[in-house]
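A closer look at the structure
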Amino acid sequence: MIEIKVVNRGHQPLPQYATVQSAGMDLRANIDAPITLKPLERKLVPTGLYIALPEGFEAQVRPRSGLALKHGLTVLNAPGTIDADYRGEIGVVLINLSQEDFVINDGERIAQMVIARHEQASFQVVAELDETERGTGGYGHTGVK
């Protein structure tokens with residue numbers, strides 16, 4: 001378990017894991033008035049949270065499956081990445097992909113946040129790549145089975 005420094009400038013509780021084996025913590029809307037998302041409309045929803053992640057970690061902001069299935073609401077840039085050196089407020093870019101208006105209320109669980117390790121890479125320019133069984137087979141190359 002890693003410790004993450006957090007400033008809560010909102011009025012919602014801190015994110016927490018729902019179960020012992022949960023990968024993500026729910027992020028809540030921190031708003032003064034309800035926000036209505038019309039079909040195909042997108043908005044940045046504030047959370048009131050500011051975090052300082054340790055070097056080598058990122059926070060991924062992902063959709064909540066229940067909102068996606070039941071209401072067509074999703075995180076537009078999923079997964080959104082919060083870098084270890086970002087110190088601004090965590091905001092969630094939501095889009096309504098349904099045919100009906102969706103109202104976001106204060107305190108509503110709007111997304112989930114997963115903390116993950118990551119590596120940085122450097123590129124090594126080469127003339128060609130090694131051969132593999134898959135080769136250049138791309139999207140759908142294995143067919144339907």
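My aim in this report is to walk through the structure given alongside it, one point at a time. This structure is a prediction, so every number in the text was calculated from the model and none was measured. (Residues numbered from 1 in each chain as written. Predicted model: local features only at pLDDT ≥ 70, side-chain atom pairs only at ≥ 80, totals over all residues. Heavy atoms only, no water.)

Observations regarding the pairing of strand β11 (residues 109-117)
Where strand β2 (residues 24-28) and β11 come together, five bridges link them in antiparallel fashion. Looking at β11, one finds that M25 is bridged to M113. Alignment of strand β6 (residues 57-62) against β11, held across six bridges, turns out to be antiparallel. Within β11, the position partnered with A59 by the bridge is I115. (Pairing = 2+ DSSP bridges. Helix = DSSP H or I, 4+ residues; strand = E, 2+ residues; numbered from the N terminus.)

Description of the sheet that holds β11
The four strands are arranged β2-β11-β6-β8 in an open sheet whose pairing can be described as antiparallel. Each of the sheet's edge strands pairs with one partner strand only, and the pair in question is β2 and β8 (80-82). Averaged over neighbouring strand pairs, the angle between their axes works out to 35 degrees when direction is ignored. (Axes fitted to C-alpha atoms, helices over the stretch in contact; angles between N-to-C directions.)

A short note on the sheet that holds strand β7 (residues 73-75)
Read from one edge of the open sheet, three strands run β4-β9-β7, paired in antiparallel fashion. Only two strands of the sheet have a single partner each, and these edge strands are β4 (42-46) and β7. Here the average twist between neighbouring strands, direction ignored, is 35 degrees. Sheet analysis places β4 next to strand β9 (residues 91-96), joined by five bridges and oriented antiparallel. The residue of β9 that forms the bridge with K43 is L94.

Observations regarding the nonpolar core
Residues V45, I82, V92, L94, I104, I110 and M113 are the most contacted members of the largest nonpolar core, which totals 27 residues. At the level of secondary structure, the elements contributing two or more residues to this core comprise β2, β3 (35-37), β5 (49-52), β6, β7, β9, β10 (102-104) and β11. Per-element accounting of this core gives the leading share, four residues, to β11. Setting aside residues up to four positions removed in sequence, V92 forms contacts with L27, K43, L44, V45, T47, V61, V75, I110 and A111. (Core = buried A, V, L, I, M, F, W, Y, C linked by side-chain atoms within 4.5 Å. Buried < 20%, exposed > 50% of the residue type's maximum accessible area, 1.4 Å probe, protein only. Contact = heavy atoms within 4.5 Å.)

Comments concerning unusual backbone geometry
Between A78 and the following residue, P79, the backbone shows a cis peptide bond with an omega angle of -15 degrees. Tracing the backbone through its elements, the reader meets P79 in the loop between β7 and β8. In the Ramachandran plot, L40 falls in the positive-phi region, its phi being about 65 degrees despite a non-glycine side chain. You can see L40 is positioned in the loop between β3 and β4.

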